[in-house]
Amino acid sequence: QVQLVESGGRWVQTGGSLRLSCAASGRTFNSVVMAWFRQAPGKEREFVASHSWIGNTTSYSDSARGRFTISRDFTKHTLNLQMNDLKGDDTAVYYCAASPVGNEFDLWGQGTQVTVSS
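Residues numbered from 1 in each chain as written. Predicted model: local features only at pLDDT ≥ 70, side-chain atom pairs only at ≥ 80, totals over all residues. Heavy atoms only, no water.

Undergrad: Quick question: what am I supposed to make of the state of the cysteines here?
TA: Tallied over the full model, the rule gives one disulfide. The residue that forms a disulfide with cysteine 22 is cysteine 96, at a sulfur-sulfur distance of 2.1 Å. What sets the handedness of the cysteine 22 and cysteine 96 disulfide is the S-S torsion sign, and at about -80° it is left-handed. Remark: cysteine 96 occurs in strand β9 (residues 92–99) and cysteine 22 occurs in strand β3 (residues 18–24); sequence separation between them is 74 residues. For the pair formed by cysteine 22 and cysteine 96, the shared burial category is buried. (Disulfide = S-S within 2.5 Å. Helix = DSSP H or I, 4+ residues; strand = E, 2+ residues; numbered from the N terminus. Buried < 20%, exposed > 50% of the residue type's maximum accessible area, 1.4 Å probe, protein only.)

Okay, structure coming up:
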């Protein structure tokens, strides 16, 4: 069964904002760590942001820090990523991932395309 489904990706002008959402099943949503990764054309997958139940902590890549905000909606069972001041380098397929016990990211969504241009 599909456990992670991303949505919200679209074309946006440089400097604009987008909010991505990842719908997760109850068990998957309860994963110790959930995160957003992205992969641009011709590049390797890279970490963007994560949230851990341990201490309710968040972590961000250098490029995301100060511009992106990750959060979990406990009522809707969604992992969200608010992205502001988008740049061309943010263009990529964004993936939602979950690490059930906080070691490896075993579960992945299908991805949602974000395209940023002037």
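Undergrad: Even after reading the chapter, I still don't get unusual backbone geometry, so can you show me in this structure?
TA: Glycine aside, a negative phi is what most residues show, and trans is what most peptide bonds show. Positioned with a positive phi, histidine 77 is a non-glycine residue whose angle comes to about 55°. When you line up the elements, histidine 77 lands in the loop between β7 (68–73) and β8 (78–83). Note on histidine 77: relative accessible area 29%, which makes it partly exposed. Not every positive phi belongs to a glycine, and aspartate 85 is a case in point at roughly 50°. Checked against the element boundaries, aspartate 85 lands in the loop between β8 and β9. Residue classification places aspartate 85 among the partly exposed residues on the basis of a relative accessible area of 39%.

Undergrad: How do you make sense of the nonpolar core when you look at a structure like this?
TA: Inside soluble globular proteins, nonpolar side chains tend to come together where they are buried. In terms of nonpolar packing, the biggest core is built from 26 residues, with Met34, Trp36, Val48, Phe68, Leu81, Met83 and Tyr94 touching the most fellow members. Among the elements of the structure, β3, β4 (33–39), β5 (46–52), β7, β8, β9 and β11 (112–117) are those that each provide at least two residues to this core. (Core = buried A, V, L, I, M, F, W, Y, C linked by side-chain atoms within 4.5 Å.)

Undergrad: Which parts of the structure should I look at to understand the pairing of β11?
TA: Burial along β11 is one-sided: Thr112, Val114 and Val116 are buried, and none of Gln113, Thr115 and Ser117, which face the opposite way, are. Of the strand pairs in this sheet, strand β2 (residues 11–13) and β11 are connected by three bridges, and their pairing is parallel. Residue pairing for β11: tryptophan 11 is matched across the bridge by threonine 115. Relative to β11, β9 runs antiparallel, the two being bridged by three bridges. Across the sheet, the residue bridging to valine 93 is glutamine 113, located in β11. (Pairing = 2+ DSSP bridges.)

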